[in-house]
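Analysis of the macromolecular model
Here is what each chain is made of, one letter per residue.
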Amino acid sequence: MDREEVAALVLIDLSKAFDGIDDSILLGKLQTIGVSKSVLAWFKSYLSGRSQIVRIESTLSETCIITRGVPQGYILGPALFNKYINELSNVPKESSLESYVDDSKIYLAFLIQDIETAAFKLTQDTERITAWCCINSLLVNPNKTKLLLLGTSQMLKKLFGTDFHIPVLGEKIIPLQTVKDLGMTLD
């Protein structure tokens, strides 16, 4: 039996992740982890009463009240986002998930002969992740989600000709030669 192992890395893209945060869900998550009532009230005040205006040349739009998302460009934005997605790492059952703020990826090592089982496991985990994101008002972007197979060139050659892919929200995600993650190109 051939014991050669390869791995699949799925880089999950969340569309406008910081803007998708539901304030009431965030406040509920903060309460669940034991944030005191006075601090919770401060966060509620911090997140509410925000508005925006768009200006094109000298023309101003009407004021729009912002009811979702966390302010970006401040230290609290990533910290609140991390609390918001904290339990996402528990969602995959077959693969491992790692996140750095809004960049998440799942990883699964498998034997070459188990490629179909691996595709099934990754598909189930991406379905679990997209369902969790939907419940938590986040959206996985299948057009920017990437798949990379990792292994020696000899092992990867054995996978050529297979129809290895992961469906994500109706899109067929096929392996790429290179992907970019956190400013690094992986191949």
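Details of the structure are given in the entry above.
Residues numbered from 1 in each chain as written. Predicted model: local features only at pLDDT ≥ 70, side-chain atom pairs only at ≥ 80, totals over all residues. Heavy atoms only, no water.

Turning to the overall build of the protein, a few remarks are in order. From N to C terminus, the protein includes 6 helices and 13 strands. Projecting the C-alpha coordinates of the protein onto the three principal axes gives extents of approximately 65 × 45 × 30 Å. Looking at the protein residue by residue over its 187 residues, the buried ones come to 38%. For the protein, the exposed surface amounts to about 11300 Å²; the carbon and sulfur share of it is 54%. In the protein, 19 positive and 22 negative side-chain charges are present, and the distance between their average locations comes to 5 Å. (Helix = DSSP H or I, 4+ residues; strand = E, 2+ residues; numbered from the N terminus. Buried < 20%, exposed > 50% of the residue type's maximum accessible area, 1.4 Å probe, protein only. Areas by Shrake-Rupley, 256 points an atom, 1.4 Å probe, with all protein chains shown as cover. Lys, Arg positive; Asp, Glu negative; His and termini not counted. Charge placed at Lys NZ, Arg CZ, Asp CG, Glu CD.)

The next thing to look at is helix α2 (residues 23-32). What α2 keeps buried is the set D23, L26, L27, K29 and L30. The buried residues of α2 occupy one face: seen down the axis, they fall within an arc of 160 degrees. Exposed residues on α2 whose side chains face more than 90 degrees from its buried face are S24, Q31 and T32. Where α2 is buried, its residues meet α3 (37-47), β2 (50-52), α4 (76-84) and α5 (115-135). Remark: G34 follows α2 within two positions and exhibits a positive phi of approximately 100 degrees. (Arc of directions from axis to C-beta. Contact = heavy atoms within 4.5 Å.)

With 44 residues, the main nonpolar core has L26, F81, F110, L122, I129, F164 and I166 as its most contacted residues. A per-element tally of this core places α5 first, with 7 residues. Both of domain 1 (5-22 + 69-186) and domain 2 (23-67) provide at least three residues apiece to this core. Apart from residues lying up to four places away in sequence, F81 is in contact with L14, A17, F18, I21, V101 and D102. (Core = buried A, V, L, I, M, F, W, Y, C linked by side-chain atoms within 4.5 Å. Domains from an automatic or database assignment.)

A pair can form between side chains of opposite charge whenever their charged atoms are brought close. Within the structure shown, the criterion is met by 7 salt bridges. For R128, the salt bridge identified is with D125, shortest N-O distance 2.7 Å. Residue R128 and its partner D125 are located together in helix α5, separated by 3 residues, close to a single helical turn. Here R128 falls in the partly exposed class, since its relative accessible area comes to 27%. Classification of D125 as buried rests on a relative accessible area of 0%. (Salt bridge = Lys/Arg side-chain N within 4 Å of Asp/Glu carboxyl O.)

Attention now moves to the packing of aromatic side chains. With the rule as written, the count across this model stands at 4 aromatic pairs. With centroids separated by 5.4 Å and ring planes inclined at 10 degrees, the aromatic side chains of W42 and Y46 adopt a geometry described as stacked. Placement of both W42 and Y46 in helix α3 is noted, with a separation of 4 residues, approximately one turn of the helix. Residue classification places W42 among the partly exposed residues on the basis of a relative accessible area of 47%. Classification of Y46 as partly exposed rests on a relative accessible area of 23%. Relative to F164, the ring of F110 lies with its centre 5.9 Å away and its plane at 20 degrees, an arrangement referred to as stacked. With a gap of 54 residues between them, F110 in strand β7 (residues 103-111) and F164 in the loop between α6 (153-159) and β9 (166-168) connect regions that are remote in the sequence. Classification of F110 as buried rests on a relative accessible area of 5%. Residue class for F164 comes out buried when judged on its relative accessible area of 6%. Taking NZ or CZ as reference, K29 lies 5.3 Å from the ring centre of Y84, over its face. (Phe/Tyr/Trp six-rings, centres within 6.5 Å; stacked < 30°, edge-to-face > 60°. Lys NZ or Arg CZ within 6 Å of the ring centre and 35° of its normal.)

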